[in-house]
Amino acid sequence: PPPLQSGNNNLVVGGAQSIAGAIRGLSNLSQLTWKLLVDNIGAEGAQSIADGIRGLSNLSQLTLNLTSNNIGADGAQSIGTAIRGLSNLSQLRLQIGDNNIGVEGAQSKACAIRGLSNLSQLTLNLQDINRGAEGVQSNACRYRRSPQHH
């Protein structure tokens, strides 16, 4: 299926909320690719995305690219919490670089990944998030748990 994609459109919170609302009702969805690049959704938009994917219990493949959206640590935590509940995921591609999520946001990603026992493929891009050594360490220990990672 073609990805949901937006880039550099200043989609902001309202647009993210609208898309998330539409996705929320797709309970049989098994694959989702959602790319929002440089759309300035912020933490509130990230919360909307989290709300949208939270109930998609049949998802086995998720690609989520939120690069350069100023989601911060709060937005990263929202996304992490939603992902943690997707127990059927076998493939996860998560790109949240350049969002100033810091150590706290990086740790939330590690916690989300830790609980995904069916995960066989993981791609995680956390570049330019302004994290410290603690965030690097928490993510590194989670990478070792995954049978495959890129």
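Preceding this section is the structure that the text describes.
Residues numbered from 1 in each chain as written. Predicted model: local features only at pLDDT ≥ 70, side-chain atom pairs only at ≥ 80, totals over all residues. Heavy atoms only, no water.

Participant: Any chance you could explain the side chain of Thr 63 here in plain terms?
Facilitator: By the element assignment, Thr 63 lies in strand E3 (residues 61-65). In this structure the side chain of Thr 63 is engaged in a polar contact, spanning 3.4 Å, whose partner is the side chain of Arg 93. Apart from residues no more than four positions distant in its own chain, Thr 63 is found in contact with Leu 32, Thr 33, Trp 34 and Arg 93. (Helix = DSSP H or I, 4+ residues; strand = E, 2+ residues; numbered from the N terminus. Polar contact = N/O pair within 3.5 Å; in protein donor to acceptor, adjacent residues only side chain to side chain. Contact = heavy atoms within 4.5 Å.)

Participant: Looking at this structure, how should I read helix H3 (residues 72-84)?
Facilitator: Residues lying three or four places apart along an α-helix face the same way, a consequence of the helix completing one turn every 3.6 residues. If you check H3, its first and last C-alpha atoms are 18 Å apart, about what 13 residues at 1.5 Å a residue would give, namely 18 Å. Along H3, the positions that sit buried rather than exposed are Gly 72, Ala 73, Gly 75, Ala 76, Ser 78, Ile 79, Gly 80, Ala 82 and Ile 83. Check the buried side of H3 and you find it contacts helix H2 (42-54), E3, strand E4 (91-95) and helix H4 (102-114). (Expected span 1.5 Å × (residues − 1). Buried < 20%, exposed > 50% of the residue type's maximum accessible area, 1.4 Å probe, protein only.)

Participant: Mind showing me how you'd approach the environment of Ser 48 here?
Facilitator: Among the secondary structure elements, Ser 48 is positioned in helix H2. Here the alpha-carbon distance between Ser 48 and Ile 19, two residues 29 residues apart in the chain, equals 8.7 Å. Residues in contact with Ser 48, not counting those within four places in the same chain, are Ala 16, Gln 17, Ala 20 and Arg 24.

Participant: Just to check I follow, could you spell out the nonpolar core for this structure?
Facilitator: Ranked by size, the top nonpolar core spans 34 residues in total, and within it Trp 34, Ile 53, Leu 62, Ile 79, Ile 83, Leu 89 and Leu 92 carry the most contacts. For this core, the secondary-structure elements that each account for two or more residues are helix H1 (12-24), strand E2 (31-37), H2, E3, H3, E4, H4 and strand E5 (121-125). Not counting chain neighbours up to four residues away, the residues in contact with Leu 92 comprise Leu 62, Ile 83, Ile 113, Leu 116, Leu 119, Gln 121, Leu 122 and Thr 123. (Core = buried A, V, L, I, M, F, W, Y, C linked by side-chain atoms within 4.5 Å.)

Participant: Got a minute to help me understand the pattern of salt bridges in this structure?
Facilitator: Side-chain pairs of opposite charge can arise where the charged atoms are in close proximity. Counting across every chain of the model gives one salt bridge. Asp 51 is the salt-bridge partner of Arg 54, the closest N and O atoms lying 2.7 Å from each other. Of this pair, Arg 54 and Asp 51 both sit in helix H2, three residues apart, which is roughly one turn of that helix. (Salt bridge = Lys/Arg side-chain N within 4 Å of Asp/Glu carboxyl O.)

Participant: Could you clarify how one ought to interpret the environment of Asn 118 in this entry?
Facilitator: Turning to its location among the elements, Asn 118 is positioned in the loop between H4 and E5. Overall, the relative accessible area of 42% leaves Asn 118 in the partly exposed class. Aside from chain neighbours lying at most four places away, what touches Asn 118 is Ser 87, Asn 88, Leu 89 and Ser 90. Side-chain polar atoms of Asn 118 contact the backbone oxygen of Ser 87, separated by 2.9 Å.

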